[in-house]
Amino acid sequence: MMESLLTKPWFHSQISREEAVLQVTKGGGDSHGRFLIRRSDTKDGELVLTFSNQGAAKHLRMQITRSGCRIQHLFFDSVSQVIEYFQKNPLQLDKPCFDSKSSGLSEVYLTEYVPF
């Protein structure tokens, strides 16, 4: 992958899963959409998008290749493109999350990043 992640303000290279959860969920429900990118604790060479969904942390793995990255069923040229895409399009979660304030499904768009 051509992109240098070390210069990105949302990239937390060595943060643990537990610390990532604390960072994205600060503020409870008000943290909805807050996110960061980190290295996977369990899969060497993979990254994880950790984000807040109604105050609960969710984690999506990204498989990194020479030509880009794959998250869920989507392929992107760079991690920056992943973030830009999910700022405009909702994340698709395995289990729907219902918003208690409405009768519809909760949509998660990436909003603010946790700065490194």
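Every value quoted in this text rests on a predicted model; they were computed, and no experiment measured them.

### What to know about the pairing of strand β2 (residues 35-39)
Counting buried residues along β2, four of its five residues qualify, which places the element largely inside the surrounding structure. For strand β1 (residues 11-12) and β2, the ladder comprises two bridges, and the chain directions are parallel. The residue of β2 that forms the bridge with H12 is R38. As a crossover connection, the stretch from β1 through helix α1 (residues 17-25) into β2 is right-handed. Summarising the sheet, β2 and strand β3 (residues 47-53) pair through five bridges and their orientation is antiparallel. Residue pairing across strands places F35 opposite F51, the latter belonging to β3.

### Focus on α1
Those residues of α1 lying buried are A20, Q23, V24 and T25. Elements that come into contact with the buried residues of α1 comprise β2, β3 and β4 (56-65). The first or second residue beyond α1 is G27, which carries a positive phi of 95°.

What counts as what
- Residues numbered from 1 in each chain as written.
- Predicted model: local features only at pLDDT ≥ 70, side-chain atom pairs only at ≥ 80, totals over all residues.
- Heavy atoms only, no water.
- Buried < 20%, exposed > 50% of the residue type's maximum accessible area, 1.4 Å probe, protein only.
- Helix = DSSP H or I, 4+ residues; strand = E, 2+ residues; numbered from the N terminus.
- Pairing = 2+ DSSP bridges.
- Right-handed = clockwise from strand over helix to strand, strands pointing away.
- Contact = heavy atoms within 4.5 Å.

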